[in-house]
Amino acid sequence: MPQTAQENKMGVMPVRRLLITMALPMMISMLVQALYNVVDSIFVAQISESALTAVSLVFPFQNLMISIGVGTAVGVNALLSRSLGEKNFALADQTAENGVFLSLLSYLAVLVLSLTLAQPFMAIQIDDPEIISYGVSYLRLVGGLSVGMFAAIMLERLLQSTGRTFYTMITQGLGAVINIVLDPLMIFGIGPFPEMGVAGAALATVIGQCVGAVLALYYNIRHNPEIHPRLRGFRPNGAVIRRIYAVGVPSILLSSIGSVMTFGMNQILTSFTSTATAVFGIYFKVQSFAFMPIFGLNNGMVPIVSYNLGAQKKKRLVGTVKFAFLLALCIMIAGFLVFQLLPAPILRLFDASDIMLSIGVPALRIISISFLLASGSIISISTLQALGKGVQSMMISFTRQLIVLLPVAWLLSLRGTLESIWWAFPIAEVVTLALSVFLLARAYRTLVKPMPDEE
């Protein structure tokens, strides 16, 4: 095959330039995604605070959907990139084929769950009929029509695995732009569209995802020559699926615990007031401006680390991880400063009432302290995933979002003040960073240090 004649750029390009080349398109597309998340909530907030609260309560389920799709794709990404580094092109093709198959199965599972569990999922969280009605409508649409989301995530990861992140920037960016444009039209009934309210926001989301999926499929067919998945005569390969999920299942679990954390925090906050839940929902939307670029950085870093692990190039692997840590810290410092200096203007974007401002301003300032520590933990999680240490990465994320955060938040809630609860976030990050340093150092000693020293 032609691809065997020359080294992939992940094995030869200077690592700093390579990481920027790989990650920058993903960071830009993630920022567009973050913009969509914020704009979407701004429009929903104009319906009512109840609508905004409903979308915030749906978030744990929506995050679970994304976790399943992304976690499976992470396993595909890691195995495919490593296979290319080892020049095992047959395994790379099999990985791509089985990845597409698994994404379809994931969608079918979410379809059934979203149609059957939407009502009880909302009812268990709150007893307000209006909020429940908004939430059920939104959840059934974004879940039942999520085939575009699952397809887009998998097809974009196939492009990322071979270093073609520029195309994923286009697919994700176009999907988000379509979403942003359709939101006001479908929510408020502008032009040829009927007024659909929260349901319009959900439909705008799935239409954008489907457009992104179609474009990603086109780019894989026309511009991704290093992999050649063939669906004709396809049979699931148990050995390949097990290797995908060796990394993918821990990734799904560690992403899914974000759903558990959000669900748990919502229960703690609603015991005070539903406005606090809306504030927490706003925080999660706005914080994506800081976290999404780091996730884009991770998406660019993982295939580089996996490739050079397979190629046994220690210096390139270590250089990539160090530079990723530095970039992540710079991003988080910028996010911290914005949250410290502009909490009130941020909240006013969502038609915040005086009560919401009184709750939200201290919340944003306290939680953002955790940004300064989170960058190290997040890069550590992705580095361990790329090294095939999915269980260790899961341990870090469990500690960060579940083992420490929720119990501490509950204990602080016993003081009877909302402001106390927000301090659980910085406390959890301190513990998590210490664990990250320990696990990453151990992985270096066992996997990276024994590798040959070579340029």
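Parameters and conventions
- Residues numbered from 1 in each chain as written.
- Predicted model: local features only at pLDDT ≥ 70, side-chain atom pairs only at ≥ 80, totals over all residues.
- Heavy atoms only, no water.
- Helix = DSSP H or I, 4+ residues; strand = E, 2+ residues; numbered from the N terminus.
- Rg over C-alpha atoms; globule rule 2.2 N^0.38 Å.
- Buried < 20%, exposed > 50% of the residue type's maximum accessible area, 1.4 Å probe, protein only.
- Contact = heavy atoms within 4.5 Å.
- Areas by Shrake-Rupley, 256 points an atom, 1.4 Å probe, with all protein chains shown as cover.
- Lys, Arg positive; Asp, Glu negative; His and termini not counted.
- Charge placed at Lys NZ, Arg CZ, Asp CG, Glu CD.
- Expected span 1.5 Å × (residues − 1).
- Polar contact = N/O pair within 3.5 Å; in protein donor to acceptor, adjacent residues only side chain to side chain.
- pLDDT = per-residue confidence, 0-100.
- Core = buried A, V, L, I, M, F, W, Y, C linked by side-chain atoms within 4.5 Å.
- Phe/Tyr/Trp six-rings, centres within 6.5 Å; stacked < 30°, edge-to-face > 60°.
- Axes fitted to C-alpha atoms, helices over the stretch in contact; angles between N-to-C directions.
- Left-handed = near helix turned anticlockwise from the far one by under 90°.
- Parallel < 35°, antiparallel > 145°, perpendicular 65-115°, else oblique.
- Nonpolar A, V, L, I, M, F, W, Y, C, P; charged D, E, K, R; others polar.
- Salt bridge = Lys/Arg side-chain N within 4 Å of Asp/Glu carboxyl O.
- Patch = residues over 30% accessible without salt bridge, like charges linked within 9 Å, V, L, I, M, F, W, Y side chains within 5 Å.

(A) Quick peek at the overall build of the chain. Secondary structure assignment for the chain yields 18 helices and zero strands. At 21 Å, the chain has a C-alpha radius of gyration in line with the 23 Å of a compact globule built from 455 residues. Looking at the chain residue by residue over its 455 residues, the buried ones come to 59%. Of all intrachain contacts in the chain linking residues separated by at least 6 positions in sequence, the fraction that spans at least 24 positions is 82%. In the form shown here, the chain has an accessible surface area of approximately 17,700 Å², with 68% of it arising from carbon and sulfur atoms. Distance between charge centroids for the chain: 15 Å, based on 28 positive and 20 negative side chains.

(B) A look at helix α9 (residues 274-286). Its 13 residues give α9 an end-to-end C-alpha distance of 19 Å, which sits within 8% of 18 Å, the value for a rise of 1.5 Å per residue. Of all 13 residues in α9, twelve are buried, a share of seventy percent or more. Residues of α9 that are buried: T275, A276, T277, A278, V279, F280, G281, I282, Y283, F284, K285 and V286. Of the residues that open α9, the one with a side-chain oxygen 3.2 Å from the backbone nitrogen of T275 is T273.

(C) Seen up close, unusual backbone geometry. For D351, which is not glycine, the phi dihedral falls at a positive 55°. Note on placement: D351 falls in the loop between α12 (343-348) and α13 (354-367). Judged by its relative accessible area of 52%, D351 is exposed.

(D) Representation of the confidence of the model for the chain in the model. Looking at the chain as a whole, the pLDDT averages 87, with 97% of positions reaching at least 70. Residue range residues 1-5 is modelled with pLDDT below 50. Its contacts to residues more than four positions away, or to other chains, number six contacts.

(E) The nonpolar core, seen in detail. Within the largest apolar cluster, 79 residues are counted, with the highest numbers of intra-cluster contacts made by M265, F280, Y283 and W422. Those residues in contact with W422 that sit more than four places away from it in its chain are M265, L269, A276, F280, I359, A363, I366 and I367. Counting residues in each nonpolar core, the second largest holds 51 residues, with V39, L155, A216 and I244 among its members.

(F) The packing of aromatic side chains, seen in detail. Considering all chains together, one arrives at 18 aromatic pairs under this definition. For the ring pair F280 and W422, a centre distance of 6.5 Å and an interplane angle of 25° mean the geometry is stacked. A residue pair is termed long-range when its members are at least 10 positions apart, and F280 in helix α9 and W422 in the loop between α17 (418-421) and α18 (424-448) qualify at 142 residues. Taking relative accessible area as the criterion, F280 reaches 1% and is therefore assigned buried. For W422, a relative accessible area of 1% puts it in the buried group.

(G) Summary view of the packing of helix α11 (residues 314-341) against helix α14 (residues 371-386). Two elements in contact, α11 and α14, have axes whose closest approach is 8 Å; the angle formed by their N-to-C orientations is 145°. Crossing of α11 against α14: the hand is right-handed. Residues V321, A324, F325, A328, L329, M332, I333, G335, F336 and F339 of α11 pack against F371, L372, A374, S375, G376, I378, I379, S380 and T383 of α14.

(H) Spotlight on the packing of helix α2 (residues 49-85) against helix α3 (residues 89-123). One way to put it is that α2 packs onto α3 with a least axis distance of 9 Å and a crossing angle of 170°. In terms of orientation, α2 lies roughly antiparallel with respect to α3. Looking at the contact of α2 with α3 residue by residue, the classes come out as 20 nonpolar, six polar and no charged.

(I) Molecular detail of the environment of I68. Looking at where I68 falls in the secondary structure, it is placed in helix α2. Exposure remark for I68: the relative accessible area of 21% places this residue in the partly exposed category. Considering only alpha carbons, one finds I68 and L327, 259 residues apart in sequence, at a separation of 27 Å. The residues touching I68, leaving out its near neighbours within four places in the chain, are S106, V110, F150 and I252.

(J) Geometry of the side chain of S41. Residue position: S41 is located in helix α1 (residues 15-47). Of the residues examined, S41 reaches a relative accessible area of 2% and is grouped as buried. Setting aside residues no more than four positions away along its own chain, S41 makes contact with L52, K285 and F350.

(K) Region of interest: α14. Taking 1.5 Å of rise per residue, the 16 residues of α14 would be expected to cover 22 Å, and the 23 Å separating its terminal C-alpha atoms lies within 8% of that figure. Of all 16 residues in α14, 14 are buried; the element is thus mostly enclosed. G388 sits one or two positions beyond α14 and adopts a positive phi of about 85°.

(L) A look at the pattern of salt bridges. A full pass over the atoms with the stated rule returns two salt bridges. For R164, the salt bridge goes to E226, with nearest N and O atoms at 3.1 Å. Here R164 is found in the loop between α5 (147-161) and α6 (165-188), whereas its partner E226 is found in the loop between α7 (198-223) and α8 (238-270), with 62 residues between them in sequence.

(M) Up close: a nonpolar patch on the surface. Together, L329, I333, L337, V338, L341, L342 and L372 line one region of the surface with nonpolar side chains, adding up to about 580 Å² of accessible area. Of the residues forming the nonpolar patch, the biggest block, five residues, is contributed by α11. Here I333 falls in the partly exposed class, since its relative accessible area comes to 37%.

(N) Geometry of the environment of P452. Structurally, P452 is set in the segment after α18. Here P452 falls in the partly exposed class, since its relative accessible area comes to 38%. Along the backbone, P452 and S56 are 396 residues apart, and their C-alpha atoms lie at a distance of 50 Å. In contact with P452, other than residues within four places in its own chain, are Q312 and K314.

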